[in-house]
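Now for the letters of each chain:
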Amino acid sequence: MPLAVLDPPVVAGPQVIETVAGDQPVGETTRGRSLAGHLLLVVLSLFAVFPIYWMYATSVRRPQDVLDTSPLPWPLSPLSYDYVWHIIPIGKMLLNTFLVAASSSVLQLLVALLAAYAFVAWTFPGRNLVYLLFVGAWLVPFQVTMIPNYVYLSQLGLLNALAGVVVPTVCSTMAIMLLRQHLQAFPKELLDAARMDGRSSWLTLWTVVVPNLRPALASLTIMLFISAWNDYFWPALVLQRTDSVLQIGIRGFLSAEGDNWGAVMAASGIACLPIFALYLILQRQVMDAFVRSGLR
């Protein structure tokens, strides 16, 4: 009987992995992309920070050197700040601007909270249609509603008054939309439990909903305050007194006789200080405000 001859086992040698030219390990590719991203952020940050630096650099130049284009102001001079402090009541303007911004942001938050709670917690005929009307009103440009609001304030006698700046801005569609998104993600079980506990809708709002939405409400308040503080066109249209708010005071240094750019930059630098202080103190909440404005 013939014997079968078996081939000896083949021992596998070390495998050679062929690499294609240009291939890089995953870690190096990730680090390269991260470095490129950080460089891009640095460049964009410089573009954002340079106008602020130039504002303060111009404000500390000597009056005869205001139009100088040297990047470093030298010699330094506080004459522009001294001029602004003695020409306009900067302290009164800061207080008036703070009152307008605080009143506007608080009232917008209150109206938005009540409206968003009604849209989410209650079911009534035409709810979606009313919400679409809110969204449609948000899409209407301010230039369209500017004249009707101005005429309405004139009939109410609120022109040239701080209340005239606040009243037309009480309802913020953006704030309503953001709070509605947060409330839609709110656990319905908590609302049902409060209802079974015998609490009214008003009591449920302030004892159940508001405590759980405190981070979102704080972030939205900061964003509304910054927006009201930076608003220029509407206060400039309603208020005629040059000693009312900072926006009007800064505009007073620009006239047909000549523009005092040193005073403009100094007053603008003073106007930015409260916002910078707010950002430094509440940096995390400010970042959350802009994140929450784009994410649900």
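Predicted model, so just to flag it, every value in this text is computed and none were measured.

Draft legend 1. Quick peek at the layout of surface pockets. Considering only enclosed or pocket space, the largest pocket measures out at about 880 Å³ in volume. Lining of the largest pocket is provided by 30 residues; of these, Gln108, Phe142, Pro168, Thr169 and Cys171 occupy positions nearest its centre. Elements with a contribution of two residues or more to the lining of the largest pocket: helix H3 (90–121), helix H4 (127–139), helix H5 (142–156), helix H6 (162–166), helix H7 (173–184), helix H10 (214–230) and helix H11 (233–238). Here the second largest pocket is characterised by a volume of approximately 410 Å³. Lining the second largest pocket are 16 residues, and of these Trp229, Asn230, Ala271, Cys272 and Ile275 lie nearest its centre. The set of elements that each furnish at least two residues to the lining of the second largest pocket consists of H10, helix H12 (246–251) and helix H13 (261–281). The greatest single-element share of the lining of the second largest pocket, amounting to six residues, is contributed by H13. Split into classes, the residues belonging to the lining of the second largest pocket amount to 11 nonpolar, four polar and one charged.

Draft legend 2. Fine view of the packing of aromatic side chains. What the rule picks out here adds up to 11 aromatic pairs. Following the ring pairs from residue to residue traces out a cluster consisting of Phe50, Tyr53 and Trp54. Above the face of the Trp54 ring, Arg61 is positioned so that its terminal group lies 5.1 Å from the ring centre. Taking NZ or CZ as reference, Arg180 lies 3.8 Å from the ring centre of Tyr131, over its face.

Draft legend 3. Quick peek at the pattern of salt bridges. Under the criterion given, the structure shown has three salt bridges. With its nearest N and O atoms 2.8 Å apart, the salt bridge here joins Asp65 to Arg62. Take Asp65: its relative accessible area is 18%, and that puts it in the buried class. Here Asp192 makes a salt bridge to Arg195, at a shortest N to O gap of 2.9 Å. With Asp192 and Arg195 both in helix H8 (residues 188–196) and three residues apart, this pair spans about one turn of that helix. Of the residues examined, Asp192 reaches a relative accessible area of 37% and is grouped as partly exposed.

Draft legend 4. Summary view of the packing of H3 against helix H9 (residues 201–212). Put simply, H3 and H9 touch, their axes get as near as 12 Å, and they point 110° apart. On the basis of their axis angle, the class for H3 and H9 is roughly perpendicular. Two secondary-structure elements touch here, H3 through Leu110, Leu113, Leu114 and Tyr117 and H9 through Ser201, Trp202, Thr204, Leu205, Trp206, Val209 and Val210. Residue composition of the contact of H3 with H9, grouped by class: nine nonpolar, two polar and no charged.

Draft legend 5. Spotlight on the nonpolar core. With 28 residues, the main nonpolar core has Leu113, Leu179, Leu183, Leu205, Val209, Leu217 and Leu220 as its most contacted residues. Top contributing element to this core by residue count: H3, with eight residues. Ignoring sequence-local partners within four residues, the contact set of Val209 consists of Tyr117, Leu183, Phe186, Leu191 and Thr204. One finds Ile90, Met93, Trp229 and Ile275 within the second-largest nonpolar core, a separate group that totals 22 residues.

Draft legend 6. Local environment of the packing of H9 against H10. Contact geometry for H9 and H10: axes closest at 4 Å, N-to-C directions at 70°. Classified by the angle their axes make, H9 and H10 are roughly perpendicular. Residues Val210, Pro211 and Asn212 of H9 form the contact with H10, whose participating residues are Arg214, Pro215 and Leu217. Grouping the constituent residues of the contact of H9 with H10 by class yields four nonpolar, one polar and one charged.

Conventions we followed
Residues numbered from 1 in each chain as written. Predicted model: local features only at pLDDT ≥ 70, side-chain atom pairs only at ≥ 80, totals over all residues. Heavy atoms only, no water. 1 Å grid on protein atoms, 1.4 Å probe; cavity = no way out; pocket = protein on both sides within 12 Å on 5 of 7 lines; lining within 4 Å. Points joined across faces, edges and corners; volume = space filled by probe spheres on them. Helix = DSSP H or I, 4+ residues; strand = E, 2+ residues; numbered from the N terminus. Nonpolar A, V, L, I, M, F, W, Y, C, P; charged D, E, K, R; others polar. Phe/Tyr/Trp six-rings, centres within 6.5 Å; stacked < 30°, edge-to-face > 60°. Lys NZ or Arg CZ within 6 Å of the ring centre and 35° of its normal. Salt bridge = Lys/Arg side-chain N within 4 Å of Asp/Glu carboxyl O. Buried < 20%, exposed > 50% of the residue type's maximum accessible area, 1.4 Å probe, protein only. Axes fitted to C-alpha atoms, helices over the stretch in contact; angles between N-to-C directions. Parallel < 35°, antiparallel > 145°, perpendicular 65-115°, else oblique. Contact = heavy atoms within 4.5 Å. Core = buried A, V, L, I, M, F, W, Y, C linked by side-chain atoms within 4.5 Å.

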